[in-house]
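Structural overview
This is what each chain is made of:
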Amino acid sequence: MKKLKAAVIGMGYISPSHIESIRRTGIAEVKACTDVNHELAKQKAAEMNIEYVYDSVEEILNDPEIDVIHNCTPNFLHKEISEKIIKAGKHLFSEKPLARNSEESAVLVDLLKKNPDIVAAVNFIYRMNPLVQDMKDKVAEGEYGKPRLVHGSYLQDWLLYDTDYNWRLEKEFSGESNSIADIGSHWIDTAQTVLNSKIVNVFSSLKTNIPVRKKAKGMVEAFSKQENQDYEDKKVDVEDSGMVMVEFDNGTQGMFLVSQVSAGRKCRLDLEINGSEASCYWNQEMADQMWVGHRDKPNQQVIRNPQLMSPHSQQHTNLAAGHPEGWNDAMTSNVRSFYKFILDNKKLATDKPDFATFEEAHYIIRLVEAILESNLTKKWVNIQ
Ligand SMILES: NC(=O)c1ccc[n+]([C@@H]2O[C@H](COP(=O)([O-])OP(=O)(O)OC[C@H]3O[C@@H](n4cnc5c(N)ncnc54)[C@H](O)[C@@H]3O)[C@@H](O)[C@H]2O)c1
């Protein structure tokens, strides 16, 4: 069978996970990459055995052999580059958030509607963990009863010190929000996926804990430590933590906390659902396990076991029970479901994929904007 040929634009922190995942699918291969930092692209291509390093985005767009392009650039380039990819007739796997704001993301959603043969996905990884997919199926089957409450968090510590700095802290590059757009969006996507319901009302309180940071004068890759650097003071006016109360369109209430200044927490996305019959809890740092809570019998600590999972969620798991699966496996599952969708000749207008669509990602950006508005007005904001 002919493998789909892929290219990656933006060879920073997240790109190796894309490249590894494309290869692990077995149905696609990576032909080329590019980065505005050509030396970085050459170095990473050599490390990961990618044959072609192109000089520009245009060179990738003009290669007729390339079927799919992964947009792994910072947020401020998502709209501009994704627009070019769609207009070039290539399938598109975009990093999240879809764009800096809903004005930009709406343009992409409209453009995609006019190009119905193009398949486009957004990399909301966590929904693709097998236990999250299983939770979603079990919620739909009523295993925990009617969901009443959903709560959780996404906590990190990579912005704990004032010497921690990244483009995510500058509105021009990131958009108006930092923590909510960067990691709160992941919690929102995971919660909406599991409940199969949209958040329609939000009430928030956001905080910039470190209003002046020290920005290194040299180049620093995302999430790496700045050492022996010359610094300049930079005013920061985006949040690095926040609390959000939410209401879903099916009536479920919820709340979540995001923070990038919680020492010891790395990528702690967790989610608990309290249903009318039972509760369930999942934490992505221990992605291979979940907890099920009962009132009238002992609680259960469940280990992922394909034999006990719903037939649908079994397609998102690879290893037998006891061989832990984690973040990279969820990433591969996300990428595989996207490539399979293309090869099965499915269309976004008629088939519902497991991966996040541009429309879903656009809705999440609207929610992020509603959360920013609520923080300013100190009022509930409805987005429908
Ligand atoms: N889905 C996830 O869990 C996840 C995790 C991390 C990052 N991300 C997303 O991935 C994107 C990139 O984040 P990162 O952490 O890898 O950032 P990064 O800064 O490490 O990498 C971005 C790369 O893009 C390159 N670039 C900048 N302008 C370019 C241009 N015009 N053409 C080509 N390349 C250009 C930069 O040189 C850099 O190498 C962001 O949107 C981020 O939100 C998603």
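Residues numbered from 1 in each chain as written. Predicted model: local features only at pLDDT ≥ 70, side-chain atom pairs only at ≥ 80, totals over all residues. Heavy atoms only, no water.

Time to look at a nonpolar patch on the surface. Among the surface-exposed residues, Met245, Met255 and Trp380 lie close enough to one another that they form a single nonpolar patch of about 300 Å² accessible area. Within the secondary structure, Met255 sits in strand β12 (residues 253–259). (Patch = residues over 30% accessible without salt bridge, like charges linked within 9 Å, V, L, I, M, F, W, Y side chains within 5 Å. Areas by Shrake-Rupley, 256 points an atom, 1.4 Å probe, with all protein chains shown as cover. Salt bridge = Lys/Arg side-chain N within 4 Å of Asp/Glu carboxyl O. Helix = DSSP H or I, 4+ residues; strand = E, 2+ residues; numbered from the N terminus.)

By volume, the second largest pocket is sized at about 1,100 Å³. Lining the second largest pocket are 42 residues; nearest its centre among them are Lys352, Pro353, Asp354, Thr357 and Glu360. In the lining of the second largest pocket, the residues fall into 14 nonpolar, 12 polar and 16 charged. Taken together, domain 1 (4–125 + 351–356) and domain 2 (127–321 + 363–382) each give at least three residues to the lining of the second largest pocket, which thus spans both. (1 Å grid on protein atoms, 1.4 Å probe; cavity = no way out; pocket = protein on both sides within 12 Å on 5 of 7 lines; lining within 4 Å. Points joined across faces, edges and corners; volume = space filled by probe spheres on them. Nonpolar A, V, L, I, M, F, W, Y, C, P; charged D, E, K, R; others polar. Domains from an automatic or database assignment.)

Our next topic: the packing of aromatic side chains. Scanning the entire structure with this criterion turns up nine aromatic pairs. Between Phe338 and Tyr339, the ring centres sit 5.2 Å apart and the planes meet at 85 degrees, which makes this aromatic pair edge-to-face. For Phe338, a relative accessible area of 0% corresponds to the buried category. Ring pairs connect the aromatic residues Phe93, Phe338, Tyr339, Phe341 and Phe355, which therefore count as one cluster. When the ring centre of Tyr52 is taken as reference, the NZ or CZ atom of Lys31 above it lies at 5.0 Å. Its end group placed over the ring of Tyr363, Lys198 keeps NZ or CZ at 4.5 Å from the ring centre. (Phe/Tyr/Trp six-rings, centres within 6.5 Å; stacked < 30°, edge-to-face > 60°. Buried < 20%, exposed > 50% of the residue type's maximum accessible area, 1.4 Å probe, protein only. Lys NZ or Arg CZ within 6 Å of the ring centre and 35° of its normal.)

Below, the discussion takes up the packing of helix α5 (residues 102–113) against helix α11 (residues 358–377). At their nearest, the axes of α5 and α11 sit 9 Å apart, and the two run at 165 degrees to each other. Judged by the angle between their axes, α5 and α11 are roughly antiparallel. Classified by chirality, the crossing of α11 by α5 is left-handed. The residues of α11 that touch α5, namely those facing Ser102, Ser105, Ala106, Leu108, Val109, Leu112 and Lys113, are Phe358, Glu359, His362, Ile365, Arg366 and Glu369. Residue composition of the contact of α5 with α11, by class: six nonpolar, three polar and four charged. (Axes fitted to C-alpha atoms, helices over the stretch in contact; angles between N-to-C directions. Parallel < 35°, antiparallel > 145°, perpendicular 65-115°, else oblique. Left-handed = near helix turned anticlockwise from the far one by under 90°. Contact = heavy atoms within 4.5 Å.)

Another aspect to go through is the pattern of salt bridges. In total, this model carries 31 salt bridges according to the counting rule given. Residues Asp117 and Lys347 are paired through a salt bridge, measuring 3.6 Å at the closest nitrogen-oxygen approach. Note that Asp117 is positioned in the loop between α5 and β6 (120–122) and Lys347 in the loop between α10 (327–343) and α11, a separation of 230 residues in sequence. Lys347 gets classed as partly exposed once you look at its relative accessible area, which sits at 25%. The structure contains a network of salt bridges with shared partners spanning Arg127, Asp189, Lys352 and Glu360.

All right, on to helix α6 (residues 130–141) then. Taking 1.5 Å of rise per residue, the 12 residues of α6 would be expected to cover 16 Å, and the 16 Å separating its terminal C-alpha atoms lies within 8% of that figure. Three or more residues of α6 are buried, namely Pro130, Leu131, Val132, Gln133, Asp134, Met135, Lys136, Asp137, Lys138 and Val139. Looking at the packing, one finds that the buried side of α6 touches β7 (147–155), α8 (179–195), β13 (268–275), β14 (279–283), β15 (289–293) and α9 (311–314). With its phi angle positive at about 85 degrees, Gly142 sits one or two positions after the end of α6. (Expected span 1.5 Å × (residues − 1).)

What follows is about the domain arrangement of the chain. Along its sequence, the chain is organised into domain 1 (4–125 + 351–356) and domain 2 (127–321 + 363–382). Taking only C-alpha atoms into account, the centre of domain 1 sits 24 Å from that of domain 2. Counting residues at the interface gives 22 residues for domain 1 and 28 residues for domain 2. Of the roughly 1,900 Å² buried where domain 1 meets domain 2, counting both sides, 54% is carbon and sulfur surface. (Buried area = accessible area lost by both parts, 1.4 Å probe.)

A word on unusual backbone geometry. The linkage connecting Lys96 with the following residue, Pro97, adopts the cis geometry, with an omega of -10 degrees. Positionally, Pro97 belongs in the loop between β5 (91–94) and α5. In this structure, Asn49 takes a positive phi of about 55 degrees despite not being glycine. Relative to the helices and strands, Asn49 is located in the loop between α2 (38–47) and β3 (52–53). Among the residues examined, Asn49 registers a relative accessible area of 67% and is labelled exposed. Unusually for a residue other than glycine, Asn345 sits at a positive phi of about 60 degrees. Note that Asn345 resides in the loop between α10 and α11.

As a further point, take the site of the ligand. Around the ligand, 27 residues are found, and the nearest of them are Tyr13, Asp35, Asn75, Glu95 and Lys96. Calculation on the ligand without its partners gives an accessible area of 850 Å², and the protein chains cover 88% of this total. In terms of residue class, the shell around the ligand is made up of 14 nonpolar, seven polar and six charged. (Near = heavy atom within 4 Å.)

This brings us to the sheet that holds β3. Pairing is parallel in the open sheet, where six strands are placed in the order β3-β2-β1-β4-β5-β6. The sheet is open, and its two borders are formed by β3 and β6, each paired with just one other strand. The strands that helix α1 (residues 15–25) touches are β1 (4–9), β2 (28–34), β4 (68–71) and β5; relative to β2, the one it contacts most, it runs at about 155 degrees. Against the sheet, helix α4 (residues 78–87) touches β1, β4 and β5, its axis set at about 160 degrees to β5. (Pairing = 2+ DSSP bridges.)

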